[in-house]
Amino acid sequence: MSIPLAGAPLAPASRSTSWGAVFALTLCVSTLIASEFMPVSLLTPIASDLHLSEGRAGQAISVSGLFAVLTSLFIASVARSVDRRKLLLGLTGSMLVSGLVTALAPSFTVLMVGRALIGVVIGGFWSLSAATVMRLVPESSVPRALSLLNGGNALATTIAAPLGSFLGQYIGWRGAFFAVVPLAAITLVWQFLTLPSMPTERAAPPPSTFAILRRPRALWGILAVTLFFMGQFALFTYLRPFLETVTRVGVSTLSLMLLGMGVAGLLGTYLIGFLVTRQLSAVLIAAPVAMAVIAVALVVLGQSVAATAVLLVGWGLIGTAAPVAWWTWLSRTLPRDAEAGGGLMVAAIQLAITAGASLGGLLFDRGGYQSTFVLSAALLGGGALLALRASRDVCVGEAEVPMASLKSVT
């Protein structure tokens, strides 16, 4: 008796429609990330309007991260019997509701409810993303589809803060948040029209998110991902004070440098889809090594505007695209349990970002930018060593079996 697995691709006849669904999910990513990072540039007007301190208003950012972690850890178990189409539509609808609640919030409590809701959507969507892509497109197209999703992420990350600031100046912070609502509505309709039915297709329930860690291949990879994101955000979080105090650039030059990083990131997400198809192991190892070299080079060459600009372009090119490689690794390492593995990876990334930024900030205040950047290089180097182990396991272990052969089991 043949039992289709959760990671099995759709039938070829569905592929044209499925690519439409991938584009719909990409728009969802862009809207979701824009919603997540919008408060960064709107804290002052939010605090003023709701009579809060800016520190308290900043909790609108941290609360979404907290709920993203909680959701990512448990969504695989909660959603084991739910059609993934319905679940994704529900998450997109929740994003729309979050925008309305946040824009119309009369108090801090209601604002926190709206931000907590967007955290649930972030954790749920990213946890399901790899498993969903694996069921929408053929195996050979999975890296390309994942790079498309991450391209939407990179685009939104690049423009969310400046766009929020621009809109807030003319239509207020509430109008800026409300601007997300029509995009969420378009995304919801597009997904409704293009997402195929994706019911659970396995006899036994999926493993818990934490049970995944008992598999050596998954454990090494999650640890590598954790060190990679800790290292990346230990440095990235403090780029602005570094550029202002060490490189000594003005606001206009700083903005151009950050824009260059963003554009390079978009290019990287386009190129990496071709690389990971045949050179996944090399990418997993080379990306953190290259970023560690850049971190050290910034310590040495940080006073040169030209050298710093070139180094930051390289950082954006590699750092923005690297997650595509790790999501591809997940699809190959855990093809049958991509949802549980995806939840674990999202939780690891969220916690790593928080830990990296906190530890980097502590060192930045006590030892200056040099100690923070050296810490970043050390963490990235550790991530490369763990990636070597994780990628070697993919090459020699069970996960090397093509996904096509996992469509059914006897």
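Procedures and definitions
Residues numbered from 1 in each chain as written. Predicted model: local features only at pLDDT ≥ 70, side-chain atom pairs only at ≥ 80, totals over all residues. Heavy atoms only, no water. Helix = DSSP H or I, 4+ residues; strand = E, 2+ residues; numbered from the N terminus. Buried < 20%, exposed > 50% of the residue type's maximum accessible area, 1.4 Å probe, protein only. Contact = heavy atoms within 4.5 Å. pLDDT = per-residue confidence, 0-100. Polar contact = N/O pair within 3.5 Å; in protein donor to acceptor, adjacent residues only side chain to side chain. Phe/Tyr/Trp six-rings, centres within 6.5 Å; stacked < 30°, edge-to-face > 60°. Lys NZ or Arg CZ within 6 Å of the ring centre and 35° of its normal. Core = buried A, V, L, I, M, F, W, Y, C linked by side-chain atoms within 4.5 Å. Patch = residues over 30% accessible without salt bridge, like charges linked within 9 Å, V, L, I, M, F, W, Y side chains within 5 Å. Areas by Shrake-Rupley, 256 points an atom, 1.4 Å probe, with all protein chains shown as cover. Salt bridge = Lys/Arg side-chain N within 4 Å of Asp/Glu carboxyl O. Expected span 1.5 Å × (residues − 1). Bend = angle between axes of the 7 residues up to and from the residue. Axes fitted to C-alpha atoms, helices over the stretch in contact; angles between N-to-C directions. Parallel < 35°, antiparallel > 145°, perpendicular 65-115°, else oblique. Nonpolar A, V, L, I, M, F, W, Y, C, P; charged D, E, K, R; others polar. Left-handed = near helix turned anticlockwise from the far one by under 90°.

Colleague: Go over the overall build of the protein chain with me, naming the residues and quoting the values.
Modeller: Looking only at helices and strands, the protein chain features 14 helices and two strands. Within the protein chain, buried positions represent 55% of all 410 residues. Counting contacts in the protein chain only where the partners sit at least 6 residues apart, residues at least 24 apart contribute 86% of the total.

Colleague: Give me the confidence of the model for the protein chain: which residues, what numbers.
Modeller: Mean pLDDT for the protein chain: 80, with 86% of residues reaching 70 or above. Under a pLDDT of 50 for its full length, residues 1–15 has, in the predicted model, 37 contacts with residues more than four places off or in other chains. This model gives residues 395–410 a pLDDT under 50, and the stretch forms 31 contacts once residues within four places in sequence are excluded.

Colleague: Now, about the side chain of threonine 31: what can you tell me, with residues and values included?
Modeller: By the element assignment, threonine 31 lies in helix α1 (residues 15–37). Overall, the relative accessible area of 2% leaves threonine 31 in the buried class. Within the local environment of threonine 31, its side chain forms a polar contact with the backbone oxygen of leucine 27, the two atoms lying 2.9 Å apart.

Colleague: Describe in detail the packing of aromatic side chains, supporting the description with residues and values.
Modeller: Taken as a whole and assessed by the stated rule, the structure comprises 11 aromatic pairs. Measuring from ring centre to ring centre gives 5.7 Å for phenylalanine 233 and phenylalanine 236, while their planes differ by 80°; the resulting arrangement is edge-to-face. With a gap of three residues between them, phenylalanine 233 and phenylalanine 236 both fall in helix α9 (residues 216–236), about one helical turn apart. On the numbers, 5.3 Å between centres and 75° between planes, the contact of tryptophan 326 with tryptophan 329 is edge-to-face. Here tryptophan 326 and its partner tryptophan 329 are both found in helix α12 (residues 305–333), three residues apart, which amounts to about one turn of the helix. Neither tryptophan 326 nor tryptophan 329 differs from the other in exposure class; each is buried. Across from the ring centre of phenylalanine 192, 4.9 Å away, lies the NZ or CZ of arginine 85, which sits over that ring.

Colleague: Outline the nonpolar core, listing residues and values.
Modeller: With 100 residues, the main nonpolar core has Trp126, Trp326 and Met345 as its most contacted residues. A total of 15 residues in this core trace back to one element, the largest contributor, which is helix α11 (residues 251–301). When residues no more than four places from it in sequence are discounted, the contact partners of tryptophan 126 are Val29, Leu32, Ile33, Asn153, Trp327 and Val346.

Colleague: Help me get a handle on the environment of leucine 275, residues and values and all.
Modeller: Within the element layout of this structure, leucine 275 appears in helix α11. Residue class for leucine 275 comes out partly exposed when judged on its relative accessible area of 46%. C-alpha of leucine 275 to C-alpha of alanine 325: the two residues are 50 residues apart in sequence and 8.8 Å apart in space. Setting aside residues no more than four positions away along its own chain, leucine 275 makes contact with Leu280 and Val283.

Colleague: I'd like to hear about a nonpolar patch on the surface, residue by residue, with values.
Modeller: Judged by side-chain polarity, Leu155, Ile159, Leu163, Phe166, Tyr170, Ile171 and Leu266 come together as a nonpolar surface patch covering roughly 650 Å² of accessible area. With six residues, helix α7 (residues 142–178) is the single largest residue contributor to the nonpolar patch. Among the structural elements, leucine 266 can be located in helix α11.

Colleague: Before we move on, could you go through helix α6 (residues 108–136) and cite the residues and values that matter?
Modeller: The terminal C-alpha atoms of α6 lie 40 Å apart, and with 29 residues this matches the ideal 42 Å at 1.5 Å per residue to within 8%. The largest bend along α6 measures about 45° and falls at serine 129. With 24 of 29 residues buried, α6 lies mostly within the body of the structure.

Colleague: How would you summarise the packing of α11 against α12 if you had to cite specific residues and measurements?
Modeller: As a packed pair, α11 and α12 sit with axes 6 Å apart at the nearest point and diverge in direction by 30°. Judged by the inter-axis angle, α11 sits roughly parallel to α12. Per-class residue counts for the contact of α11 with α12 are 32 nonpolar, 12 polar and one charged.

Colleague: Describe unusual backbone geometry, with residues and values.
Modeller: The phi torsion at arginine 248 lies on the positive side, around 60°, for a residue other than glycine. The residue arginine 248 is located in the loop between α10 (239–247) and α11 in this model.

Colleague: Requested: an account of the packing of α9 against α11, with residues and values cited.
Modeller: Orientation of α9 relative to α11, taken along the N-to-C sense of each, is 50°, at an axis distance of 10 Å. Here α11 runs oblique to α9, going by the angle between their axes. Judged by the sense of rotation from one axis to the other, the crossing of α9 with α11 is left-handed. Between α9, through Phe228, Gln232, Leu235 and Phe236, and α11, the contact on the second element is made entirely by Met261, Pro288, Met291, Ala295 and Leu298. Of the residues contributing to the contact of α9 with α11, the split by class is eight nonpolar, one polar and no charged.

Colleague: Could you give an account of the environment of serine 30, naming the residues involved and the relevant values?
Modeller: Position of serine 30 among the secondary structure elements: in helix α1. Sequence-wise, serine 30 and glycine 151 are 121 residues apart; in three dimensions their C-alpha atoms are separated by 8.5 Å. Each residue touching serine 30, except ones within four places of it in the same chain, is listed here: Gly152 and Ala156.

Colleague: Talk me through the environment of asparagine 153; I want residue IDs and the actual numbers.
Modeller: Relative to the helices and strands, asparagine 153 is located in helix α7. Taking the C-alpha atoms as reference points, asparagine 153 and leucine 266, separated by 113 residues in sequence, lie 9.1 Å from one another. Those residues in contact with asparagine 153, other than ones at most four positions away along the chain, are Val29, Ile33 and Trp126.

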